[in-house]
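Structural features, examined
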Amino acid sequence: MFNMPKLPLADWIDSLVDWLSHFEGFFYAVTSFLGGIIDAFQWVFDIIPIPLFILIVMGATWYITRKNRRWGLLVFELIGLLYIWNQGYWRDMTQTLTLVLSASLLAVVVGIPLGIWAATNKTVAKIVKPLMDFMQTMPAFVYLIPAVAFFGIGMVPGVVASVIFSMPPTVRMTQLGIEQVPTELIEAADSFGSTGWQKLYKVQLPLAKPTIMAGINQSMMLALSMVVIASMIGAMGLGTQVYFAVGRNEAGSGFAAGLAIVILAIILDRVTQALNQDKH
Amino acid sequence: MSTKIEVKNLTKIFGKHVRQAQTLLEAGKSKDEILAETEATVGVDRANFTVEDGEIFVIMGLSGSGKSTTIRMLNRLIKPTSGSVLIDGQDIAKMSKAELQKIRREKFSMVFQSFALLPNRTIQENTEFGLEIQGVEKEERAKKAREMLEVVGLKGYEDQYPDQLSGGMQQRVGLARGLANDPEILLMDEAFSALDPLRRKDMQDELLDLQANLQKTIVFISHDLNEALRIGDRIMIMKDGEVVQIGTPEEILSHPADDYVERFIEDVDRSRVYTVGNVMIPATTVNIEKAGPRLAARRMRENGISSIYAIDSQKHLYGIIDANDVRKAIKEDQKDIRSLVQDVVPTTHIDTPLSDLMDDISSTPVPYAVVDDDNHLLGIIVRGAVLGALSGNEVNVNV
Ligand SMILES: Nc1ncnc2c1ncn2[C@@H]1O[C@H](COP(=O)(O)OP(=O)(O)OP(=O)(O)O)[C@@H](O)[C@H]1O
Ligand SMILES: [Mg+2]
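Residues numbered from 1 in each chain as written. Chains lettered and ligands numbered in written order. Predicted model: local features only at pLDDT ≥ 70, side-chain atom pairs only at ≥ 80, totals over all residues. Heavy atoms only, no water.

As recorded in an unreviewed UniProt entry, chain B goes by the name Quaternary amine transport ATP-binding protein, listed as coming from Weissella kandleri. According to UniProt, the comment filed for chain B under the heading Subunit (unreviewed entry) is "The complex is probably composed of two ATP-binding proteins, two transmembrane proteins and a solute-binding protein." (UniProt positions renumbered as here; feature names shortened; annotations may be inferred.)

Under an unreviewed UniProt entry, chain A has the name Glycine betaine carnitine ABC superfamily ATP binding cassette transporter and belongs to Weissella kandleri. Quoted verbatim from the Sequence similarities (unreviewed entry) heading of the UniProt record, the comment on chain A is "Belongs to the binding-protein-dependent transport system permease family."

**Digging into the UniProt feature "domain: ABC transmembrane type-1" (unreviewed entry) in chain A**
With numbering matched to this structure, UniProt assigns "domain: ABC transmembrane type-1" (unreviewed entry) to residues 93–272 of chain A. End C-alpha atoms of residues 93–272 of chain A are separated by 18 Å, and the span's content is 87% helix alongside 0% strand. (Helix = DSSP H or I, 4+ residues; strand = E, 2+ residues; numbered from the N terminus.)

**Quick word on the site of ligand 1**
All names here are of chain B. Taken together, 15 residues lie around ligand 1, and Ser63, Gly64, Lys67, Ser68 and Thr69 are the ones closest in. Gly66 is positioned such that a nitrogen or oxygen atom in its backbone is 3.0 Å from an oxygen atom of ligand 1. Take His223: an N or O atom from its side chain is 3.2 Å from an oxygen atom of ligand 1. Protein burial of ligand 1: of its 640 Å² of free accessible surface, 63% is covered by the chains. Counting residues per element, the shell around ligand 1 draws most heavily on helix H3 (residues 67–74), at three residues. Across the shell around ligand 1, the residue classes tally to two nonpolar, 10 polar and three charged. (Near = heavy atom within 4 Å. Polar contact = N/O pair within 3.5 Å; in protein donor to acceptor, adjacent residues only side chain to side chain. Areas by Shrake-Rupley, 256 points an atom, 1.4 Å probe, with all protein chains shown as cover. Nonpolar A, V, L, I, M, F, W, Y, C, P; charged D, E, K, R; others polar.)

**A short note on unusual backbone geometry**
All names here are of chain B. Phi is positive for Asn9, which is not a glycine, with a value near 50°. Looking at the secondary structure, you find Asn9 in strand S1 (residues 3–14). With a relative accessible area of 41%, Asn9 lands in the partly exposed category. Positive phi values are uncommon outside glycine, yet Ala116 reaches one of about 55°. (Buried < 20%, exposed > 50% of the residue type's maximum accessible area, 1.4 Å probe, protein only.)

**Remarks on the coordination of the magnesium ion (ligand 2)**
Residues and elements named next belong to chain B. The magnesium ion (ligand 2) binds to the protein through Ser68 (OG) and Gln113 (OE1); the donor distances cover 1.9 to 2.6 Å. Of this pair, Ser68 sits in helix H3 while Gln113 sits in the loop between strand S6 (108–111) and helix H5 (123–134), and the two are 45 residues apart along the sequence. Look at Ser68 and you get partly exposed, because its relative accessible area is 22%. Residue class for Gln113 comes out partly exposed when judged on its relative accessible area of 35%. (Donors = N, O, S within 2.8 Å, 3.2 Å for Na, K, Ca; no water.)

**A look at the layout of surface pockets**
Residues and elements named next belong to chain A. Of the pockets and cavities examined, the largest pocket occupies roughly 620 Å³. Put simply, the parts of the chain that give the lining of the largest pocket at least two residues each are helix H1 (9–20), helix H2 (24–47), helix H6 (122–137), helix H7 (141–151) and helix H8 (155–179). Split into classes, the residues belonging to the lining of the largest pocket amount to 21 nonpolar, no polar and one charged. Here the second largest pocket defines a volume of roughly 440 Å³. (1 Å grid on protein atoms, 1.4 Å probe; cavity = no way out; pocket = protein on both sides within 12 Å on 5 of 7 lines; lining within 4 Å. Points joined across faces, edges and corners; volume = space filled by probe spheres on them.)

**Concerning the packing of helix H13 (residues 293–303) of chain B against helix H14 (residues 323–331) of chain B**
Residues and elements named next belong to chain B. One can describe the packing of H13 onto H14 by two numbers: an axis separation of 9 Å at closest approach and a directional angle of 140°. In terms of orientation, H13 and H14 fall into the oblique class. Of the two possible hands of crossing, H13 and H14 adopt the one that is left-handed. Between H13 and H14, the residues in contact are Pro293, Arg294, Ala296, Ala297 and Met300 and Ala323, Val326, Ala329 and Ile330, respectively. Broken down by class, the residue content of the contact of H13 with H14 amounts to eight nonpolar, no polar and one charged. (Axes fitted to C-alpha atoms, helices over the stretch in contact; angles between N-to-C directions. Parallel < 35°, antiparallel > 145°, perpendicular 65-115°, else oblique. Left-handed = near helix turned anticlockwise from the far one by under 90°. Contact = heavy atoms within 4.5 Å.)

This is how it looks when you write it as structure tokens:
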């Protein structure tokens, strides 16, 4: 055992990464595409005046929770967002929000079709399962290295690393939700002569919706948990503030920025959950 | 009548080792032996039957006998292991995916044992489902769905959700959804099992009307023999995936193929299937155009009866003559008995179900006379024969 040479796995991965960097053009295209999405979010957040932003968030919550009013959440949003404004973290917060929303959007756009595919094809399911396990359990730091190699420094590699880390729940829950649709309902759809697509969007997706939404919610929370790590490769936001505070050994400002992340997390979580709660 | 559905050697084996199981099946092994040897479950074993156009064909059998599997192979929700299903002469196994979808849209509707309603849709939207799949305009399908909901007695529930309705009501939604499609063939898997007795009878009547007016072909699975006898033109009885007997209700009742079928029909309420014709006996009559009081008296004495049916030479029924009146007429030396005829005989027709007479038969003073449309006397119904038929003994079945 001791005489056995070490498997050069690390070297292999390095060569793979080197080889991949030949596809500069491709990565450049992806970078500009992702950059476009990120800039669009950020542009919108930047032009909205802060008080109006707070009102919009509360108004949206008011509308989403119309069947089941959540006054506590509205009060929390008001106080929480005022706190972030007051602490001077507003722009950091919107940057973090941009990162989380971009990553979640990509996780949804890629994850839901992948989940559907896995639910309808056993071979795909067999490949997707270990891949998702791997993506989620590999320490998130590890993604930073290739992300930087391919996408440079800044928001884009941050989003890429976040997407990889946060996508598995969306894929898994989509697959689960579709597999859980009772057989008789599938039979009913078939017996009336549904096509595969009709079955998907009239029966399977509507019935899997709560499960899929729960997956998206989890993905969003995972993306948020990536913000401090992403800040190490230049993804700006609240994470950067925490990262700096750690570097300067400032417990106070670290805590203040951390609290802002917690507030954002709670608002995102409760709002997406409320979206899922309107029964029927 | 043409054949709508033709099933030949239809077999379904579930699980692994299907080939091996099939070989064993053909070698004559039983379902249990095959399960023990190969872990494969025989769902349906070489079933052969036909369903005629406009017929109500009922499938019966104990739980697990393969009824649901059989009905699902008719529209290919389950792919048979072997054998064929022909719909209007077309082999559905040879159809492309698109053709199968088309035939399912145009010819079939299915009503499910467990309702299979979409929980996220209202009753109205559920009822529209089949039409929606066909691409029918919103207005038109809404109208059709409302009509069907009214037929099944659910008017006013359109905007509720399935979980707000009782099991029986949900089952009726399933029925409305199936009917909204206006299919040629209705496949109904225990479609009335969750209904209360009153509703159930209503729905059975509705189904009989549908079949009579619109010539639907209906394949109906039931656990309830009385239901099967009431609505079935023919009944197929299954056991362990095999077809044990196919026949009209009367054939099944009077000539059960084996002990299994016999046990099945043991406690049937026979009044539902037996008609007047089954228990009718010949009447003792006297021809009022020819006979006098003395002949009438002798006939009554010979047969030990106190009254006699009065007919003419063409056997038209006039009424009944009482023994006391005859005796009086003899004393007074009357020659004609026409004046003695009392028109008090209750009459009935040969195809009336016995159940319709049950209430009156014990309270009428004289036995029912069975007459045809021209009032010819065909026979009479005595109480003893009715009770005999109902208890399953000494049945005088004329099949
Ligand atoms: N998907 C399946 N996989 C394996 N075995 C099955 C499957 N579906 C049915 N079976 C088996 O096939 C046999 C027939 O089942 P089926 O559902 O047709 O019975 P049934 O007559 O409809 O019973 P019930 O009256 O309880 O509805 C049973 O032994 C059952 O266990
Ligand atoms: Mg069944």
